[in-house]
Amino acid sequence: MKKYKTVILDLDNTIVLHDYSNEIADLANKFHIPCSKDFKKQCVSLLNDYTKFCYGKPVTLDLMLSIIKNLVPILSNYSITPEIFLETWRNNDNSIYSSASMEALKYLKKQKYNIVAFTDWFTEDQSNTLKKLGYLSYFNTIYGWDNNYCKPDIRGLANIVKGNPKSEYILIGDSLEKDIQCANSFGIDSIWFNPDSQKNSSSIAPTYTISSITDIKNYL
């Protein structure tokens, strides 16, 4: 008998892989601006630090535009509005197909798990990405952050679990501070996907740790 019924999967850098250096360079190219050190640094800051501005608030389009204005001020040098920047980034899908991700999804489907995507990005965009990569049909539901709360706020996770037993759920993600902390705070088991074998020097303790996404079958 399976220990869990529902597997909650983070998408970006867990199931959906990215090369952000190329994505940022591609953005600069689309805007016809230099991919300067400052542009790259501010885009990386946006990717890494948006949670600090979102935490405790429902994620809305206006909130995201405000965050972009604060974290990527170099855009004003080129008369690029936050609206145009966000629209271009949302349409700039350079996600990378992963045979390991596909193998993991096929395993979960074969074992009849309920597979839920839990992502800090727009649901429509992530659905399109999953469809492009051939992953979409494996998911039962996709929970994006549209008018919801980004991780590690537990309210997004609460919308998934609802009133069901928490013991039936496990969350898998690459971020200790967002994915694993969210699971820990809410009270469900977790798997930290750690492909680079990073040292965990934090107090955030995942239930399990894996270096390959296909290793999930060893803990489910």
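Refer to the structure printed above.
By convention here, each chain's residues receive numbers from 1 onward along its written sequence. Totals for whole chains, interfaces and linings use all residues, but because this is a predicted model, local features are given only for residues with pLDDT of at least 70 and pairs of side-chain atoms are given and counted only at 80 or more. Calculated side-chain values reflect all of the structure's heavy atoms, with hydrogen atoms and water omitted.

## Structural notes on the pattern of salt bridges
Salt bridge, as used here: a side-chain nitrogen of Lys or Arg that lies within 4 Å of a carboxyl oxygen of Asp or Glu. Here the structure, examined in full by the defined rule, presents nine salt bridges. One salt bridge connects Lys30 with Asp26, and the closest N-O pair in it is separated by 3.7 Å. With Lys30 and Asp26 both in helix 1 (residues 20-31) and four residues apart, the pair spans about one turn of that helix. Across the pair Asp93 and Lys132 runs a salt bridge whose closest N-O atoms are separated by 3.6 Å. Of this pair, Asp93 sits in the loop between helix 4 (82-90) and helix 5 (99-110) while Lys132 sits in helix 6 (residues 123-133), and the two are 39 residues apart along the sequence. Using a 1.4 Å probe on the protein chains alone, a residue whose accessible area is under 20% of its type maximum counts as buried, one over 50% counts as exposed, and one in between counts as partly exposed. Residue Lys132 is classed as partly exposed on the basis of its relative accessible area, which comes to 46%. Among the charged side chains, a salt-bridge network with shared partners connects Asp10, Lys151 and Asp179. Secondary structure elements follow DSSP: runs of H or I no shorter than four residues count as helices, runs of E no shorter than two count as strands, and numbering proceeds from the N terminus.

## Points about the side chain of Thr88
One can find Thr88 in helix 4. On the basis of relative accessible area, Thr88 is assigned to the buried category, the value being 18%. With near-sequence residues (within four places) excluded, Thr88 lies in contact with Leu27, Lys30 and Phe31. Contacts are residue-level and defined by heavy atoms, with any inter-residue pair within 4.5 Å sufficient.

## Thoughts on the environment of Asn91
Mapped onto the secondary structure, Asn91 falls in the loop between helix 4 and helix 5. As a C-alpha pair, Asn91 and Leu27 span 64 residues in sequence and 9.9 Å in three-dimensional space. Side-chain polar atoms of Asn91 contact the backbone oxygen of Glu87, separated by 3.0 Å. In protein, a polar contact means a hydrogen-donor-capable atom and an acceptor-capable atom, both N or O and within 3.5 Å, with residues adjacent in sequence counting only if both atoms are side-chain atoms; elsewhere, any N or O pair within 3.5 Å suffices.

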